[in-house]
Amino acid sequence: MLMQLTLGGLSQGMIYALIALSLTVVYRSTTVVNFGHGDFVMAGAFLSYVLVVLAGVAFLPAAALAMIAMFVLGVMFNRGLIRPIRGGPHIGLALMCIAAGYLLRGIARMVWGREVLPMPPVFDMAPIFVGDLVITGDAVFIIGTVLVLLLLFFGLMALTDLGKMVQAVYQSPRGARLIGLNVDRFNDFSWGVGAALGALGGILVAPVSLLHPDLGASFLIKGFAAMTLGGFGSLGGAVLGGVLLGIAEQYAGAYLDTALIEITAYVVIVAVLFIRPQGLFGRKAVVKV
Amino acid sequence: MKKYISLLAAAGLAASPLLAQDAEWETEGLTDDAITIGVMGPFSGNASSYSKALIGMMAYYDKVNEEGGVHGRKLVAVQEDTACDSAKGLAAAKKLISQDEVFMLQGNSCSGVALALRPTIEEAGLPWIVAHAVSDSISDPLAGNIFHGVPTGRANGRAMAAFVLSKPDTSNVAIIEHSNDWAHSYSNPARDYLEENGVAPSLELTMERGQTDATAQVLKLRQEKPDFIIAALYEAETAIFLRDLKKYGMGDVPVMGTAGTDLENTLKRTGDFDTVKNYYVIHSYVDNLDGPLMQPWGEMIHKYYPDEELSTFSFVSIGSAEALVSALEAVGPELTRSKLMAALEEVRDFDTGILSDPITWTADDHQGVKGSAVAGFVDGEPTVLKAWGQPY
């Protein structure tokens, strides 16, 4: 059972990792926590649903198109709604994110209102039985896709000039500006990447779950818990936090009580903030007075 | 003597505004040509598919209105969204009662919300027919103005357990449920019935609303190897649970679901017949949803709501709307709230032609529907059953 729980947790945790990573990408570059991010996840899932079920596009091109559309939406959101109020109080930015999220949710409710929608299975592979361990097509697809994407993402960050520029802006926007980097454009890019990665989380969860306009709310909490566990602002920490959270949920459900699955994320947030506020990989905040 | 008469006259004068106020209250929300009815339901949110029940009910109002109304009065629905959330439901109820001043209330999916509303509505005193939510605590203990027009959780829960035990050699029964009043309203009576028959549930699991994965629950079930699983889960979670059961090689274990789900939509949501072939649900109707006895009701809904996609919920509130109209007719044109409540208490063995069991309301018992059938796939076709292998 332990192996099966770990595999199930890994599969679920990969989704959380993706959502936490997408939140962190935006947070690191702009210091804005996108409280509307759950609805970006939902929007990605619904876009892929429209393309696959209503337009008859195959899943992979539909997923790519949905991610591109969400990238554009993320850029537009930053340019149109965040950038104009950037100098204002942080609460304004947070409220703008919440408002944008509710707008997306409202649109989904207007279109699909009272329906809970099924997405056809994507990777319809017969489960593989290895002793008691069941390896399902969904788990293989989710874990494989996210692993490839993470390798690409972190490879790009570590090995290319673009990645070095990104890290320069992360470390010091003012310094980056001084050496001629266009920080505003970079922020657009971060919002776009954040929205697209979040959307991919929704796209991957859609075939194993069901779609409804409120889908994103619980994923937002999971994303926050993973970020907290990994350390705010740490890209690697967000991924590890997501995976650990997914596995912790399964272990808590199986070995303690199934009622604990849904509150594991909240327990993680409280425990980390008390025991190690900087998370696993975050930096301890030091305020000089 | 004169003194007493003067005192009585003074008392009468003092009481007259109160009497006038009472008379005003009795006919609030009523005009010569309309009866306003507050219809609350989850028109948004992840339980919004339950609001189909209220669409069906309002289609029945439209039918009655098209036929001339009741004693010349049209049934005018004033809709409010609860989003299956108690706080929103409470705000909706207060608005309908105090601001819109409706004559009565009918509707309400989501037991948690209806339970939260009970004190407010009981205090307000206007008639309330609960037309979808099933928790017994909504109408028990008895409140003079609250009437239950669908089988309650107790009736359904016991019917679920009875069906489970009607399968030969069933002794190992597991229960999986949400941790809310709605789920307990099914699982507690089912548990009681099982225990009355010498069967204690072997495993009790929780799956919360919004969960997208049931791996941990299914693995525990796989270890326990139950003969039957009772699942008190909402639609989305039912589909996820059944998918995961099949995924982990437990697709052959029969699962008994609540009236909160139906076969056709569960099949649609899982997208695979093998996943639902052993799924059974409480089915409160006289026929399959596409059967000849249900067809006229479906046509009625489509006449007034042409784009409405029908599910089992679409029909569940129509029976209580029929009973309401019957009581309104019995009262006559001089309608008041008190007269309506008295007339509702006179409804006996009312055959709705849609619910599997009749409606009876008495002065001592406002839970009108006492039984339910079960539906399951037999030879690949949805079939109404009264026990394992026995057609209704």
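As the structure is a computational prediction, the values presented were derived from the model and not from experiment. (Residues numbered from 1 in each chain as written. Chains lettered and ligands numbered in written order. Predicted model: local features only at pLDDT ≥ 70, side-chain atom pairs only at ≥ 80, totals over all residues.)

1. Section: the overall build of chain A
Move 1: Counting its regular elements, chain A contains 11 helices and 4 strands.
Move 2: Taken across its 289 residues, chain A has 51% of its residues classed as buried.
Move 3: In chain A, the proportion of contacts linking residues at least 24 apart, taken out of those at least 6 apart, comes to 74%. (Helix = DSSP H or I, 4+ residues; strand = E, 2+ residues; numbered from the N terminus. Buried ≥ 20, exposed ≤ 12 C-beta atoms within 10 Å, placed from the backbone. Contact = placed C-beta atoms within 7 Å.)

2. Details of the nonpolar core
Move 1: With 212 residues, the main nonpolar core has A17, A45, M70 and A199 of chain A together with M160 and I230 of chain B as its most contacted residues.
Move 2: Take this core: its biggest share by element is 14 residues, from helix α1 (residues 2-30) of chain A.
Move 3: Counting contributing residues, this core receives three or more from each of domain 1 (34-152 + 292-370) and domain 2 (155-284 + 374-391) of chain B.
Move 4: Setting aside residues up to four positions removed in sequence, A45 of chain A forms contacts with G202, I203, V205, A206, L211 and L215 of chain A. (Core = buried A, V, L, I, M, F, W, Y, C linked by C-beta atoms within 7 Å. Domains from an automatic or database assignment.)

3. Quick look at the UniProt feature "transmembrane region" (unreviewed entry) in chain A
All names here are of chain A.
Move 1: Feature annotation in UniProt places "transmembrane region" (unreviewed entry) on residues 7-27, 47-77, 89-108, 128-156, 189-212, 224-247 and 254-275, given in this structure's numbering.
Move 2: Along residues 128-156 the backbone is 69% helical and 21% strand, and the end-to-end C-alpha distance reaches 34 Å.
Move 3: Helix makes up 71% of residues 189-212 and strand 8%, with an end-to-end C-alpha separation of 28 Å. (UniProt positions renumbered as here; feature names shortened; annotations may be inferred.)

4. Topic: the domain arrangement of chain B
Residue and element names in this part refer to chain B.
Move 1: The domains assigned to chain B are domain 1 (34-152 + 292-370) and domain 2 (155-284 + 374-391).
Move 2: Between the C-alpha centres of domain 1 and domain 2 there is a distance of 28 Å.
Move 3: Between domain 1 and domain 2, the residue contacts involve 20 residues of the former and 14 residues of the latter.
Move 4: Broken down by secondary-structure element, the contributors of at least two residues to the side of domain 1 that touches domain 2 are α4 (111-124) and β5 (146-151).
Move 5: Top element by residues in the side of domain 1 that touches domain 2 is α4. It accounts for 3 residues.
Move 6: Residues belonging to the side of domain 1 that touches domain 2 are distributed by class as follows: 9 nonpolar, 9 polar and 2 charged. (Nonpolar A, V, L, I, M, F, W, Y, C, P; charged D, E, K, R; others polar.)

5. Some details on the interface of chain A and chain B
Move 1: On the chain B side, the residues contacting the 30 residues of chain A number 33 residues.
Move 2: Of all elements in the fold, only α1 and α10 (235-256) of chain A reach the threshold of two or more residues within the side of chain A that touches chain B.
Move 3: In terms of residues, the side of chain A that touches chain B owes the most to one element, α1 of chain A, which gives 4 residues.
Move 4: Of the residues that constitute the side of chain A that touches chain B, the class distribution is 14 nonpolar, 11 polar and 5 charged.

6. A few points about the pairing of strand β3 (residues 104-107) of chain B
Residues and elements named next belong to chain B.
Move 1: Where strand β1 (residues 34-41) lies against β3, 2 bridges are found, and the strand directions are parallel. Looking across to β3, one finds that G38 is bridged to L105.
Move 2: Pairing geometry for β3 and strand β4 (residues 128-130), over 3 bridges, is parallel. Its bridge partner being in β4, G107 is matched across the sheet by V130.
Move 3: What joins β3 to β4 is α4, and the crossover it makes is right-handed. (Pairing = 2+ DSSP bridges. Right-handed = clockwise from strand over helix to strand, strands pointing away.)

7. Overview of the sheet that holds strand β10 (residues 279-283) of chain B
All names here are of chain B.
Move 1: As summarised here, the arrangement of the 8 strands in space is β7-β6-β8-β9-β10-β12-β13-β14, forming an open sheet in which the pairing is mixed. The sheet is open, and its two edges are formed by β7 (203-206) and β14 (390-391), each paired on a single side.
Move 2: As judged from the 5 bridges shared by strand β6 (residues 173-177) and strand β8 (residues 228-232), these two strands associate in the parallel manner. Residue pairing in the sheet places I175 in a bridge with I230 of β8.
Move 3: Each of β6, β7 and β8 touches helix α7 (residues 215-224); the most contacted strand, β7, lies at about 170° to it. (Axes fitted to C-alpha atoms, helices over the stretch in contact; angles between N-to-C directions.)

8. Focus: helix α8 (residues 235-247) of chain B
Residues and elements named next belong to chain B.
Move 1: For α8, which comprises 13 residues, the first-to-last C-alpha distance of 18 Å matches the rise-based estimate of 18 Å (1.5 Å per residue) to within 8%.
Move 2: Taking burial as the measure, the 13 residues of α8 include 13 buried ones, the bulk of the element.
Move 3: Once α8 ends, the next one or two residues include G249, with phi positive near 75°. (Expected span 1.5 Å × (residues − 1).)

9. Considerations on the packing of α1 of chain A against α10 of chain A
Residues and elements named next belong to chain A.
Move 1: Where α1 contacts α10, the axes come no closer than 6 Å and their chain directions differ by 145°. As for the relative orientation of α1 and α10, their crossing is right-handed in sense.
Move 2: The class makeup of the residues in the contact of α1 with α10 is 16 nonpolar, 10 polar and 1 charged. (Left-handed = near helix turned anticlockwise from the far one by under 90°.)

10. Digging into the sheet that holds strand β11 (residues 367-369) of chain B
Residues and elements named next belong to chain B.
Move 1: Here we have 6 strands laid out as an open sheet, ordered β2-β1-β3-β4-β5-β11, and parallel in their pairing. Where the open sheet ends on each side, the last strands, each with one partner, are β2 (74-81) and β11. Each adjacent strand pair in this sheet contributes to an overall mean axis angle of 25°, direction not counted.

11. Re helix α5 (residues 153-166) of chain B
Residue and element names in this part refer to chain B.
Move 1: End to end, α5 covers 19 Å across 14 residues, agreeing with the expected 20 Å (1.5 Å per residue, within 8%).
Move 2: Counting buried residues along α5, 12 of its 14 residues qualify, which places the element largely inside the surrounding structure.
Move 3: Looking at α5, one finds that the buried residues are G153, R154, A155, N156, G157, R158, A159, M160, A161, F163, V164 and L165.

12. As for the pairing of β1 of chain B
Residue and element names in this part refer to chain B.
Move 1: With 7 of 8 residues buried, β1 is to be regarded as a mostly interior element.
Move 2: Of the strand pairs in this sheet, β1 and β2 are connected by 8 bridges, and their pairing is parallel. The residue of β2 that forms the bridge with G41 is D81.

13. Quick notes on the environment of R209 of chain B
Move 1: Along the chain, the position of R209 of chain B falls in the loop between β7 and α7.
Move 2: If we skip the residues at most four places from it in the chain, R209 of chain B touches H178, Y234 and E237 of chain B.

14. What about the packing of helix α2 (residues 37-54) of chain A against helix α4 (residues 90-112) of chain A?
Residue and element names in this part refer to chain A.
Move 1: Here α2 crosses α4 at 30°, and the two axes come no closer than 8 Å. As α2 runs across α4, the sense of the crossing is left-handed. Contacts between α2 and α4 pair G38, D39, M42, A43 and F46 from the former with G101, L104, R105 and A108 from the latter.
Move 2: Grouping the constituent residues of the contact of α2 with α4 by class yields 5 nonpolar, 2 polar and 2 charged.

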